Amino acid sequence: MEPQEIREGYLVKKGTVLNTWKPVWVVLSEDAVEFYKKKTDRSPKGMIPLKGATLLSPCQDFGKRLLVFKITTDKKHDHFFQASHVEERELWVKDIKRALTCIQGGKKFARKSTRRSIRLPETVNLCELYSLMKDQDDGVRELVLEQEKRVFNHCFTGATVVEWLVEKGKARNQPEALMLATGLMNEGFLLPAGDLSKDGAGGGEQSTFLDETNALYYFADSGFFCEGYSSDDDVLVKEEFRGNIVKQGCLLKQGHRIKNWKVRKFIVRDDPAFMHYYDPSKNDDDPLGSIPLRGSVVTAVDFVPDAKKHGADGNFFEIITSDEVHYFLQAATAEERKDWIKAVQVVAKCGK
């Protein structure tokens, strides 16, 4: 009987021989993780057996390369994967953990009910807590704050986070709130923005979240950017980066001149409305290009010329900008294509 396929999609994987990071199509089954050079390949490029394996997340072995998790096989071979955003990493990690638990207990993998309890469980789910903090109406408010001749956009203070955790009943007191905030930072959900918070995160054997009004932080999936002089690598001053992140993830994109298809990480921002795309194998904040979405048209398409010749087939959609530039993209599934089309349509109508 064939093993049940649990999850599949694009991730970036570190090479085991050459230390390069490349996007691959990953399939998680009940007893193994297979990865392919392309989604349409019939034979996997490699297979990671899960029996006796261990999982580490987050894996912080690579400095500024965030959202990495590590699978170590029974024979002590390390495999490193990087997700494109926090929620994606958590979904992969959750399913791999359950697969490992089922293998150890000799049980069949079965998904738990997705119904949410009204109360948070005693063991706090940091991913759910992070989602609550990002709620636009009832979460932690993102602000524009000025510090040391620099302007920090889409950020908040450490004191604000601690106060919110206590006020919303997620922590009983200030020490417990600090413990939760530190956990959120260590898991990569909250990131330090200014010099003070970065010193706290990196000073000493353990990272420390600071309950201070001049310690600045931001959500990992926010539209954070900093203006003004800075020695940091996260300074972005272009107008098109000011919008909130609406959706992000990996898609296949057709090239304009050479009609080949490559995996790219896409980020959709609103107000102003842009869709930036990046090389997911490079830990780089500079996009390869951008698609202005204001006034654009997006639609599903069944056929793209030359697509099959390059191994791309199905789940295509097309974006036509207001300047009549055509972009052809491919999602992993029909449901994912539907979600991308909806996100682009909303931003195209309301974004600047």
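This text follows the structure it describes.
Calculation rules
Residues numbered from 1 in each chain as written. Predicted model: local features only at pLDDT ≥ 70, side-chain atom pairs only at ≥ 80, totals over all residues. Heavy atoms only, no water. Helix = DSSP H or I, 4+ residues; strand = E, 2+ residues; numbered from the N terminus. Buried < 20%, exposed > 50% of the residue type's maximum accessible area, 1.4 Å probe, protein only. Areas by Shrake-Rupley, 256 points an atom, 1.4 Å probe, with all protein chains shown as cover. Pairing = 2+ DSSP bridges. Axes fitted to C-alpha atoms, helices over the stretch in contact; angles between N-to-C directions. Core = buried A, V, L, I, M, F, W, Y, C linked by side-chain atoms within 4.5 Å. Contact = heavy atoms within 4.5 Å. Salt bridge = Lys/Arg side-chain N within 4 Å of Asp/Glu carboxyl O. Phe/Tyr/Trp six-rings, centres within 6.5 Å; stacked < 30°, edge-to-face > 60°. Lys NZ or Arg CZ within 6 Å of the ring centre and 35° of its normal.

**Q** Give me the lowdown on the overall build of the protein chain, citing residues and values where you can.
**A** Scanning the protein chain from terminus to terminus reveals six helices and 19 strands. Taking all 352 residues of the protein chain together, the buried fraction comes to 48%. When the accessible surface of the protein chain is totalled, it reaches about 19,500 Å², and 48% of it is carbon and sulfur.

**Q** Describe the sheet that holds strand β14 (residues 261–269), with residues and values.
**A** Strand pairing in a sheet relies on backbone hydrogen bonds, with the paired strands running either antiparallel or parallel. In space, the seven strands of this open sheet follow the order β16-β15-β14-β13-β19-β18-β17, with antiparallel pairing throughout. Because the sheet does not close on itself, it has two edges, and the strands there are β16 (289–292) and β17 (297–301). Shown here is a sheet whose adjacent strand axes are inclined to one another by a mean of 35°, direction ignored. In the sheet, strand β15 (residues 274–278) pairs with β16 via four bridges, with the strands oriented antiparallel. Counterpart to Tyr277 in the pairing with β16 is Gly289.

**Q** Explain the nonpolar core residue by residue, including any values.
**A** The biggest cluster of nonpolar side chains holds 25 residues, and the ones touching the most others in it are Met133, Val161, Leu165, Leu190 and Phe209. Those elements that provide at least two residues to this core are α2 (126–133), α3 (158–167), α4 (174–186) and β11 (216–219). With five residues, the single largest contributor to this core is α4. Apart from residues lying up to four places away in sequence, Val161 is in contact with Met133, Phe156, Ala181, Leu190 and Phe209. Judged by nonpolar contacts, the second largest core, of 21 residues, contains Ile6, Val24, Phe69 and Ala83.

**Q** Describe the sheet that holds strand β4 (residues 46–49), naming the residues involved and giving the relevant values.
**A** Pairing is antiparallel in the open sheet, where seven strands are placed in the order β4-β3-β2-β1-β7-β6-β5. Across the chains shown, the open sheet's two edge strands, defined by having one partner strand only, are β4 and β5 (54–56). Going from strand to strand, the sheet's axes swing by 35° on average, the running direction of each strand aside. Judged from the nine bridges that link them, strand β1 (residues 5–14) and strand β2 (residues 21–29) form a sheet pairing that is antiparallel. Residue pairing across strands places Tyr10 opposite Trp25, the latter belonging to β2.

**Q** Explain the pattern of salt bridges to me, and be specific about the residues and the numbers.
**A** Using the criterion set out here, one finds seven salt bridges in the structure. Ionic pairing is found between Asp195 and Arg150, a salt bridge with its closest N-O pair at 3.1 Å. Of this pair, Asp195 sits in helix α5 (residues 195–202) while Arg150 sits in strand β9 (residues 150–157); the two residues are 45 residues apart in sequence, bridging distant segments of the chain. On the accessibility criterion, Asp195 (33% relative accessible area) is partly exposed. Accessibility expressed as a relative area gives 6% for Arg150, which makes it buried.

**Q** Explain the packing of aromatic side chains residue by residue, including any values.
**A** A full pass over the atoms with the stated rule returns 10 aromatic pairs. For the pair Phe69 and Phe81, a centre-to-centre distance of 5.7 Å together with 25° between the ring planes defines the contact as stacked. Here Phe69, found in strand β6 (residues 68–72), pairs with Phe81, found in strand β7 (residues 78–82); they are 12 residues apart in sequence, far enough to count as distant. The residues Phe69 and Phe81 share a single accessibility class, namely buried. Relative to Tyr277, the ring of Phe266 has its centre 5.6 Å away and its plane inclined at 40°; by these criteria the two rings are tilted. Separated by 11 residues along the polypeptide, Phe266 in strand β14 and Tyr277 in strand β15 bring together distant segments of the chain. Residue Phe266 shares its accessibility class with Tyr277, and that shared class is buried. Following the ring pairs from residue to residue traces out a cluster consisting of Tyr130, Phe156, Phe189 and Phe219. Its end group placed over the ring of Phe81, Lys13 keeps NZ or CZ at 5.7 Å from the ring centre. The ring of Trp340 is capped by Lys247, whose NZ or CZ atom sits 4.9 Å from the centre of that ring.

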